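Coordinate analysis (summary)
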Amino acid sequence: VQLQASGGGLVQAGGSLRLSCAAFGRTGSNYFMGWFRQAPGKEREFVVCISSNGETTLYADSVKGRFTISRDNAKNTVHLQMNSLKPEDTAVYYCAAGYGSNWYVRQRENEYPFWGQGTQVTVSS
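Residues numbered from 1 in each chain as written. Predicted model: local features only at pLDDT ≥ 70, side-chain atom pairs only at ≥ 80, totals over all residues. Heavy atoms only, no water.

A word on the sheet that holds strand β1 (residues 2–6)
- Read across the sheet, four strands follow the order β1-β3-β8-β7 without closing on themselves; strand pairing throughout is antiparallel. Looking at strand neighbours, the two that pair on one side only are β1 and β7 (67–72), the edges of this open sheet. Strand-to-strand twist across the sheet, computed as the mean angle between neighbouring axes with direction ignored, equals 15 degrees.
- Two elements, β7 and strand β8 (residues 77–82), share six bridges in a ladder whose sense is antiparallel. Within β8, the position partnered with arginine 71 by the bridge is valine 78. (Pairing = 2+ DSSP bridges. Helix = DSSP H or I, 4+ residues; strand = E, 2+ residues; numbered from the N terminus. Axes fitted to C-alpha atoms, helices over the stretch in contact; angles between N-to-C directions.)

Laid out in C-alpha cells, this is it:
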C-alpha cells in the first residue's frame, strides 16, 4: 500500500485545514488508517485512527472535539478535518496504514507498516 498525503498549509490560530490521504496499490484488504504528527524537536505522536469499516475511531486527547477523521473506501481516501487549530498543532503530519479487520484501531507506530510522506501544518498565533 502506498500512501500520499496532501492538504497541509499555513493557517491562523482558530482556523481550519483539511488533510487528505490517498491509498494506492493493494487496497482491497482491510486496513485501518491513522495520522501521526511530529513537531520540531519532539517525537512523533499519535493523532487519530479510523478502522477499515469507518465505524471506529480513536483520537488523542489533545485533538478530541477539534479534529474529525473520515474515510471514503470507494475512493481509498481518508480525510482529517482540523478545526480550532492552535499553534501547538504545528507539525509535520503523516498518514499511515496497517492491516486489521473491520473495527480495529491502533495508536502505536510499530503497528503501522505503511507510511506516506509528511505534509506540513503551520498554525500562527
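Some words on the side chain of threonine 119
- Secondary-structure assignment places threonine 119 in strand β11 (residues 119–124).
- Judged by relative accessible area, which is 10%, threonine 119 ranks as buried.
- Looking at threonine 119, its side chain comes within polar contact range of the main-chain nitrogen of glycine 8, at 3.1 Å.
- Not counting the four nearest positions on each side in its chain, threonine 119 is found in contact with Ala5, Ser6, Gly7, Gly8, Leu19, Ala91, Val92 and Tyr93. (Buried < 20%, exposed > 50% of the residue type's maximum accessible area, 1.4 Å probe, protein only. Polar contact = N/O pair within 3.5 Å; in protein donor to acceptor, adjacent residues only side chain to side chain. Contact = heavy atoms within 4.5 Å.)

A closer look at the nonpolar core
- One finds Leu3, Trp35, Phe67, Met82 and Tyr93 to be the most contacted residues of the largest nonpolar core, which totals 38 residues.
- Those elements that place two or more of their residues in this core are β1, β3 (17–24), β4 (31–38), β5 (45–50), β7, β8, β9 (91–99) and β11. (Core = buried A, V, L, I, M, F, W, Y, C linked by side-chain atoms within 4.5 Å.)

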